[in-house]
Amino acid sequence: MSRLAVLPAAALALGLAGCGTPSQPLPMTVSVADALQIRGWVPDALKAQVGVAPVQGGMETGRWWGSRVSAAALQQALEESLYAVGMKPAAPVPAPRFELRAELVQLEQPLVPAAGVTVGAAVRYTLSDRLDGRVVYERLIANDESASLGEAVLSPSERLRIANERALRSNINLLLRDLVTHRP
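Remember, it's a predicted structure, so these values are computed and weren't measured experimentally.

Participant: Looking at this structure, I do not really get the overall build of the protein chain. What am I missing?
Facilitator: Along the protein chain, the regular secondary structure elements total five helices and five strands. Overall, the protein chain shows an N-to-C arrangement of helices and strands of α-α-α-β-β-α-β-β-β-α. The long-range fraction of contacts in the protein chain, counting pairs at least 24 apart against all pairs at least 6 apart in sequence, stands at 72%. Total accessible area computed for the protein chain in this model is approximately 9,900 Å², and 60% of it derives from carbon and sulfur atoms.

Put into structure tokens, the structure is as follows:
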């Protein structure tokens, strides 16, 4: 086989390696170990009393633009994390006392994913009391996480997805740890 015949196949492989892989909710959900640790510190006022409004921000993953985080994926990760620590009720009836709003304000990614990929995430969280409408907690949480070459050797978009998921998991973890120290 000539070298000229190999070039189109190599170009196709490189093109497919750049295709975006959507971030998934499960890897963004707080770990079981962290959930068990946080669960013991949840204030009584927040136990099974936090509902989640539709998440704002986020972006669907496109075929050619690398991995993104959708609002739906972040919504599911946030709800599952709140449930895991005991803040979200199993059934929404009666309506929980507090409503958490989240907006993915920034997802800073490298333009071209390299060997190591670092992603920065910033999410604005607002917790409101449904009884009187007052805001009891508001904070912009920003952090970054990385994925190394060894975690997805052949696919830069996979490294980007892994870094996205880690950044959002860490962001949610920071929120939960902050909420347990806050007294509404």
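Participant: What should I look at first to understand helix α4 (residues 71-84) in this one?
Facilitator: Given 3.6 residues per turn, any residue in an α-helix points the same way as the ones three and four places further on. Compared with the 20 Å implied by 1.5 Å per residue over 14 residues, the 20 Å span of α4 between its first and last C-alpha is a close match. Here α4 has its buried residues at A73, L74, Q75, A77, L78, S81 and L82.

Participant: Just checking my understanding: could you explain the environment of Y125 for this structure?
Facilitator: Looking at where Y125 falls in the secondary structure, it is placed in strand β4 (residues 117-129). As a C-alpha pair, Y125 and E138 span 13 residues in sequence and 5.6 Å in three-dimensional space. Filtering out sequence-adjacent residues up to four positions away, Y125 remains in contact with L78, L100, R101, A102, Y137, E138, R139, I141, N171, I172 and L175. In terms of polar contacts, Y125 uses its side chain to reach the side chain of N171, at 2.7 Å.

Participant: Please explain the layout of surface pockets as it appears in this structure.
Facilitator: Any space left empty among the atoms is revealed by the rolling of a water-sized probe across them. Of the pockets and cavities examined, the second largest pocket occupies roughly 150 Å³. Along the lines of polarity and charge, the residues of the lining of the second largest pocket split into five nonpolar, three polar and one charged.

Participant: Help me understand the pattern of salt bridges in this model?
Facilitator: Opposite charge on two side chains lets them pair, provided their charged atoms get close. Evaluation of the coordinates by the stated rule reveals 12 salt bridges. Notably, a salt bridge pairs R97 with D129, separated by 2.7 Å at the nearest N-O pair. With a gap of 32 residues between them, R97 in the loop between α4 and β3 (98-108) and D129 in strand β4 connect regions that are remote in the sequence. On the basis of relative accessible area, R97 is assigned to the partly exposed category, the value being 32%. One salt bridge connects R124 with E103, and the closest N-O pair in it is separated by 3.3 Å. Of the two residues, R124 sits in strand β4 while E103 sits in strand β3, which places them 21 residues apart along the sequence. Judged by relative accessible area, which is 33%, R124 ranks as partly exposed. One salt-bridge network, in which partners are shared between bridges, spans R97, D129, D132 and R134.

About the cut-offs
Residues numbered from 1 in each chain as written. Predicted model: local features only at pLDDT ≥ 70, side-chain atom pairs only at ≥ 80, totals over all residues. Heavy atoms only, no water. Helix = DSSP H or I, 4+ residues; strand = E, 2+ residues; numbered from the N terminus. Contact = heavy atoms within 4.5 Å. Areas by Shrake-Rupley, 256 points an atom, 1.4 Å probe, with all protein chains shown as cover. Expected span 1.5 Å × (residues − 1). Buried < 20%, exposed > 50% of the residue type's maximum accessible area, 1.4 Å probe, protein only. Polar contact = N/O pair within 3.5 Å; in protein donor to acceptor, adjacent residues only side chain to side chain. 1 Å grid on protein atoms, 1.4 Å probe; cavity = no way out; pocket = protein on both sides within 12 Å on 5 of 7 lines; lining within 4 Å. Points joined across faces, edges and corners; volume = space filled by probe spheres on them. Nonpolar A, V, L, I, M, F, W, Y, C, P; charged D, E, K, R; others polar. Salt bridge = Lys/Arg side-chain N within 4 Å of Asp/Glu carboxyl O.

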